[in-house]
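Residue-level structural notes
Listed here are the chains, written in short residue letters.
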Amino acid sequence: MKIDLAVLGRQFELYQEEYEAAALRVLRSGWYVLGPEVEAFEKAFSAYVGRKYCIGVGSGLDALTLSVRALGIGAGDEVIVPANTYIATVLAITANGATPVFVEPDDCFTLDAARIEAAITPKTRAIMVVHLYGQAAQMDAICRIAKAHGLRLVEDCAQSHGAKFGGTMTGAFGDAGCFSFYPTKNLGAFGDAGAVVTDDEELAGTLRMLRNYGSEKKYYNKLVGVNSRLDELQAALLRTKLSHLKELNAERERIAAAYLSGIQNPAIRLPKQRENANHVWHQFVIETEDRDGFQQYLADHDIQTVIHYPIPPHLAECYQYLGCKEGDFPITEHMAKTVLSLPMFNGMKEEEVRYVIETVNGYEKA
Ligand SMILES: *Cc1c(COP(=O)(O)O)cnc(C)c1O
């Protein structure tokens, strides 16, 4: 058996007729950017997350970057961010001229609430929390800290569509909840797309202007904006997929349950689940000391895997100017050397899941 990760076609096939009908509807409508389909998706998605407003934008990175900008955070300001995240979270901070202040994760791979306060300075303006791999961070403690210190809270929900903490959806805790709909995400479009959700009317208005050249009224430019609009085709396809997100996440949960009960190998550390939270398994991330050897072993058995992520942002070449060095964030750096994401995708067949489990169980540490 061969397990390849170029499998987005499978989840298209699950609801193919509905996607084709939605796409044709838009093609025949004669209206392609910011129109009735975007409005309908924004309404459906804000209701899904449980927020008043949703602003569709061009990507997850734009959702984050424009949220930071709309909150008035820029040069001279510090933003607390997990050290172990995808680079986009950090890019959203530095693109606005603000300074990222990295904080190590807890044992669920998310921002360690117990380490946040030590990182707060008079310059701190916000906490950027990431619900990494599909599991909510410790939101009760993090919201409490943000409130106690008068900090803004931005959630990076690019990997957590449908994940909850204490019964509340991720994206419904912060000033802004930022989503990516990149095709591989749990709620993925058929191209680039993103959105911000919020309850703050003024913030929503600012974001609506920023995404469209900074204008509320065409050709009357109030803010120095960008072009980051959601298009009708993606919005229509996303609304179709949103109606099936529950089934899609349930399928991921079944695969994760099979891995959690089936994988029994002392060399492999299985992911920990947070109490009072549900995991939507954007990635199923294990840890093992000889990670590169294990990944090669899986490749030798025709199982493709990915490392999320091999280089933490503070050690990325582009961030040398921040002045961080190896050893500054040992927990994060160790994770970058030990994590591996096992195959996890919609449309994964039972025999494929079984093959992964058997192969992982057959691994002997060198
Ligand atoms: C995917 C992702 C983003 C960026 O989303 P794009 O739509 O690719 O711009 C940001 N943060 C995290 C954690 C992500 O996984």
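Position labels on residues start from 1 in each chain and follow its written sequence. Local features in a predicted model are, by the rule used here, given only for residues with pLDDT of at least 70; side-chain atom pairs are given and counted only at 80 or more, and totals for whole chains, interfaces and linings are based on all residues. Each side-chain value is worked out from all heavy atoms of the structure, with water and hydrogens disregarded.

**Topic: the packing of aromatic side chains**
Going by this rule: Stacked, tilted and edge-to-face pairs are distinguished by plane angle, under 30 degrees for stacked and over 60 for edge-to-face with tilted covering the rest, among Phe, Tyr and Trp rings (Trp via its six-membered ring) whose centres lie within 6.5 Å. Secondary structure elements are taken from DSSP: a helix is a run of H or I of four residues or more, a strand is a run of E of two residues or more, and numbering for both begins at the N terminus. Accessible area is worked out with a 1.4 Å probe on protein chains only. A residue is then buried under 20% of its type maximum, exposed over 50%, and partly exposed in between. We call a charge positioned over a ring when the NZ of a Lys or the CZ of an Arg lies within 6 Å of the ring centre and within 35 degrees of the ring normal.
In total, this model carries 19 aromatic pairs according to the counting rule given. With a centroid separation of 5.1 Å and 75° between ring planes, the pair formed by Phe109 and Tyr133 is classed as edge-to-face. In this pair, Phe109 sits in the loop between strand 3 (99-103) and strand 4 (124-130) while Tyr133 sits in the loop between strand 4 and helix 6 (139-148), placing the two residues 24 residues apart along the sequence. Exposure class is identical for Phe109 and Tyr133. Each is buried. Feature note: the residues Phe41, Phe45, Tyr48, Phe179 and Phe181 constitute an aromatic cluster, connected by ring pairs. Positioned above the aromatic ring of Tyr220 is the side chain of Lys217, whose terminal nitrogen or guanidinium carbon lies 4.2 Å from the ring centre.

**Regarding the sheet that holds strand 1 (residues 53-57)**
As a reminder, the rule being used: Between any two strands, pairing holds if DSSP finds at least two bridges. Each axis is a line fitted through C-alpha atoms, taken for helices only over the stretch in contact, and angles between the N-to-C directions span 0 to 180 degrees.
Here we have seven strands laid out as an open sheet, ordered 1-9-8-5-4-2-3, and mixed in their pairing. On the outer flanks of this sheet lie strand 1 and strand 3, each paired with one strand and no other. Within this sheet the neighbouring strands show an average axis-to-axis angle of 20°, counted without direction. The sheet contact formed by strand 1 and strand 9 (residues 194-198) spans five bridges and is antiparallel. By the bridge assignment for strand 9, Val57 is matched with Gly194.

**Notes on the site of the ligand**
Selection criterion: A cutoff of 4 Å decides nearness: a residue is near a molecule or strand if any of its heavy atoms lies inside that distance of it. Whenever a nitrogen or oxygen atom comes within 3.5 Å of another N or O atom, the pair is scored as a polar contact, on the condition that within protein one atom can donate a hydrogen and the other can accept it, and that pairs from neighbouring residues in sequence are kept only if both atoms are in side chains. Per-residue and other accessible areas were derived by the Shrake-Rupley procedure at a 1.4 Å probe size, with only the shown protein chains allowed to occlude residues.
Around the ligand, the surrounding shell holds 14 residues, and the nearest of these are Gly60, Asp156, Gln159, Ser180 and Lys185. Between the ligand and Leu61, the relevant distance is 2.8 Å, taken from an oxygen atom to a main-chain nitrogen or oxygen of the residue. At a separation of 2.7 Å, an oxygen atom of the ligand approaches a polar side-chain atom of Lys185. Taking 380 Å² as the accessible area of the ligand by itself, protein coverage stands at 91%. For the shell around the ligand, the secondary structure elements donating two or more residues are helix 4 (60-70) and helix 5 (87-94). With three residues, the top contributor of residues to the shell around the ligand is helix 4.

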